[in-house]
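Spelled out, the chains give:
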Amino acid sequence: MEKSLIIPEGYKSKLDLKETEIAIKHIKDFFESSLSKELNLIRVSAPLFVEPETGLNDNLSGIETAVTFEVKGIDNRKAEIVHSLAKWKRMALYRYGFSVGEGIYTDMNAIRRQEDLGNLHSIYVDQWDWEKIISKEDRNEETLKSIVSKIYKVFKDTEEYVNKLYPHIDKYLPDEIFFITSQELEDMYPSLTAKEREDEIAKEKGAVFIMQIGDILKSGYKHDGRSPDYDDWRLNGDILFWNPVLERAIELSSMGIRVDKEALQRQLALSGCEERKELSYHKMLLEEKLPFTIGGGIGQSRMCMFFLKKAHIGEVQASIWPQEMIDMCESSNIFLL
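Note that the structure is a prediction, hence the values are computed from the model and not measured. The residue numbering used here restarts from 1 in each chain and proceeds along that chain's sequence as written. Note on the predicted model: pLDDT of at least 70 is required for a residue's local features to be given, and 80 or more for side-chain atom pairs to be given and counted; whole-chain, interface and lining totals, by contrast, use all residues. In computing side-chain properties, one takes all heavy atoms of the structure into account and sets aside hydrogens as well as water.

## A few points about the pairing of strand β3 (residues 68–71)
Note: two strands are recorded as paired if DSSP finds a minimum of 2 bridges between them. Runs of H or I in DSSP of at least four residues are treated as helices and runs of E of at least two as strands, each being numbered from the N terminus. Bridging between β3 and strand β4 (residues 77–81) involves four bridges; their strand directions are antiparallel. Bridge pairing in β4 links V71 to R77. The turn linking β3 back onto β4 is made up of five residues, and G73 within it adopts a positive phi angle of 85 degrees.

Now the structure itself:
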């Protein structure tokens with residue numbers, strides 16, 4: 001438990017329980033509205049579960065297994081609780097007839113049962129999943145950085161909004177977000193692990209976008225695992241902020257320009273997952289039927305945790321925790337919902 005739980009010395013929440021619940025609603029409403037305007041997105045309804053044979057579920061790093069159940073009355077057909085909606089959104093844009101420059105977002109709820117529980121990780125995941133159509137010519141790093149900068153502006157505006165509502169909650173984000181590739185980061189800190197490198201660069205810069213995640217680095221290791229069939233590993237990345245409460249980096253968003261036919265073939269081969277070519281979604285990609293898109297997920301609870309200066313994600317969402325963790329938090333002024 002000691003390894004997975006950080007107890008900040010002298011911690012005390014900036015807001016009580018009732019104030020926290022009110023603040024969560026304020027933050028989510030403000031951020032959602034601002035994000036949709038900045039990226040030209042409309043809200044759509046989204047599934048909590050999908051059918052395995054469609055290939056629409058997010059395989060995350062490739063080792064996670066989804067929660068499954070049988071659907072009564074439909075030939076006992078099986079369904080999977082989503083991990084995220086990375087692929088579903090692209091299919092939705094195709095089915096709904098959206099055009100270049102238009103996009104969607106949704107409230108995504110998921111269960112990731114194999115998470116290692118701690119200050120930042122819960123089996124319950126709530127995030128804004130968004131996706132936007134781009135042209136083939138816009139599948140480049142310039143487009144990626146432009147969208148990241150727009151999202152970062154929404155984060156900055158939200159921090160300002162929270163500070164006006166609660167002046168005793170300080171602002172920490174720098175004016176600009178810093179861009180670096182995973183290989184450049186490894187070159188800077190060759191003796192550190194990937195997570196240690198993230199902590200170092202986040203502490204130095206305050207806000208960072210680490211690009212090109214999924215491929216093997218010069219060291220022979222990956223910076224982090226990525227499923228081979230949604231992000232193009234050469235055109236993706238994570239948004240991380242320095243968390244002054246926990247004194248470590250916190251990932252707020254994973255995003256990227258999505259795979260085209262060439263990137264999908266390359267990444268499936270590298271991952272030893274070429275059997276996925278037979279799934280419905282992957283067939284459509286290989287036949288070049290789906291639009292070119294960029295998209296990602298933005299953690300709702302993590303964002304509220306960051307802006308409200310909470311020590312544990314369980315202070316802003318209701319989930320299940322080990323009793324030992326509950327007891328340790330309670331004795332340290334950390335109230336889990």
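## Considerations on the sheet that holds β4
If you trace the three strands from one edge of the open sheet to the other, you get β2-β4-β3, paired in antiparallel fashion. Looking at the sheet topology across the chains shown, the edges are occupied by β2 (49–50) and β3. Of the pairings in the sheet, the one linking β2 to β4 comprises two bridges and is antiparallel in character. Within β4, the position partnered with F49 by the bridge is I81.

## Quick notes on the side chain of T181
By the element assignment, T181 lies in strand β7 (residues 178–181). Exposure classes here rest on a 1.4 Å probe applied to the protein chains alone. A residue is buried below 20% of its type maximum, exposed above 50%, and partly exposed in between. Given a relative accessible area of 10%, T181 falls into the buried group. Once residues within four sequence positions are removed from consideration, T181 is found in contact with I210, M211 and Q212. Contacts are assigned to residue pairs that have any heavy atoms within 4.5 Å of one another.

## Regarding a nonpolar patch on the surface
The patch calculation keeps residues exceeding 30% relative accessible area without a salt bridge and links them within 9 Å when they carry like charges or within 5 Å when they are nonpolar (Val, Leu, Ile, Met, Phe, Trp, Tyr). In short, Shrake-Rupley with a 1.4 Å probe defines the accessible areas, and a residue's cover is counted only from the protein chains shown. We define a salt bridge as a contact between a side-chain nitrogen of Lys or Arg and a carboxyl oxygen of Asp or Glu at a distance within 4 Å. Taken together, L48, F49 and F69 make up a surface patch of nonpolar side chains, about 260 Å² in accessible area. With respect to the element layout, L48 can be found in the loop between β1 (41–43) and β2.

## Quick word on the packing of helix α1 (residues 17–39) against helix α8 (residues 300–307)
Axes here mean lines fitted to C-alpha atoms, for a helix over just the part in contact, with angles spanning 0 to 180 degrees between N-to-C directions. It is at 10 Å that the axes of α1 and α8 come closest, and there the two elements cross at 115 degrees. For α1 against α8, the interelement crossing comes out right-handed. Contacts from I24, I27, K28 and F31 in α1 reach Q300, M303, C304 and F307 in α8. Classification convention: Asp, Glu, Lys, Arg as charged; Ala, Val, Leu, Ile, Met, Phe, Trp, Tyr, Cys, Pro as nonpolar; all other residues, Gly among them, as polar. Its residues placed into classes, the contact of α1 with α8 shows six nonpolar, one polar and one charged. The sense of a crossing depends on the near helix, which, turned anticlockwise from the far helix by less than a right angle, makes the crossing left-handed and, turned clockwise, makes it right-handed.

## Some details on the environment of D175
Secondary-structure assignment places D175 in the loop between α3 (141–165) and β7. As for D175 and E196, which are separated by 21 residues in sequence, their C-alpha atoms are 24 Å apart. Dropping the residues within four chain positions of it, D175 is found in contact with Y152 and K156.

## Thoughts on the nonpolar core
Core analysis: the biggest nonpolar cluster contains 55 residues, and W130, I151, F155, I239, F241 and M255 have the highest contact counts within it. A per-element tally of this core places α3 first, with eight residues. What makes a nonpolar core is a set of buried Ala, Val, Leu, Ile, Met, Phe, Trp, Tyr and Cys residues whose side-chain atoms join them at distances within 4.5 Å.

## Let's talk about unusual backbone geometry
Positive phi values are uncommon outside glycine, yet Q212 reaches one of about 65 degrees. Positionally, Q212 belongs in the loop between β8 (207–211) and β9 (231–243). For Q212, a relative accessible area of 29% translates into the label partly exposed. We note that N333 has phi near 65 degrees; this positive angle belongs to a residue other than glycine. The topology assignment puts N333 in the segment after α9 (323–330).

## Considerations on the pairing of strand β5 (residues 103–111)
By the bridge criterion, three bridges tie β1 to β5 in an arrangement that is parallel. Across the sheet, the residue bridging to L41 is G103, located in β5. When β5 meets strand β6 (residues 124–133), the two strands line up antiparallel, connected through nine bridges. For G103, the partnering residue across the bridge sits in β6 and is K132.

## Things to note about the packing of aromatic side chains
For Phe, Tyr and Trp, rings pair up if their centres lie within 6.5 Å, where Trp contributes its six-membered ring, and each pair is then called stacked (planes under 30 degrees apart), edge-to-face (over 60) or tilted (otherwise). Throughout the structure, instances matching the rule amount to 10 aromatic pairs. Ring centres 6.0 Å apart and planes at 75 degrees place the aromatic pair Y152 and F241 in the edge-to-face group. Placement of Y152 in helix α3 and of F241 in strand β9 is noted, with a sequence separation of 89 residues between them. Here Y152 and F241 have matching classes, each one buried. Ring centres of F155 and F307 lie 6.4 Å apart, and the angle between their planes is 45 degrees; this geometry places the pair in the tilted category. Placement of the pair is F155 in helix α3 and F307 in helix α8, with a sequence separation of 152 residues. According to the relative accessible area criterion, F155 is buried, its value standing at 0%. A connected cluster of aromatic rings, assembled from ring pairs, spans F31, W128, Y152, F155, F241, F306 and F307. Two limits define a charge over a ring: the Lys NZ or Arg CZ must be within 6 Å of the ring centre, and within 35 degrees of the ring normal. A cation sits over an aromatic face here: K145 above F179, 5.5 Å from the ring centre. The aromatic ring of F178 is capped on one face by K205, whose charged end is 4.4 Å from the ring centroid.

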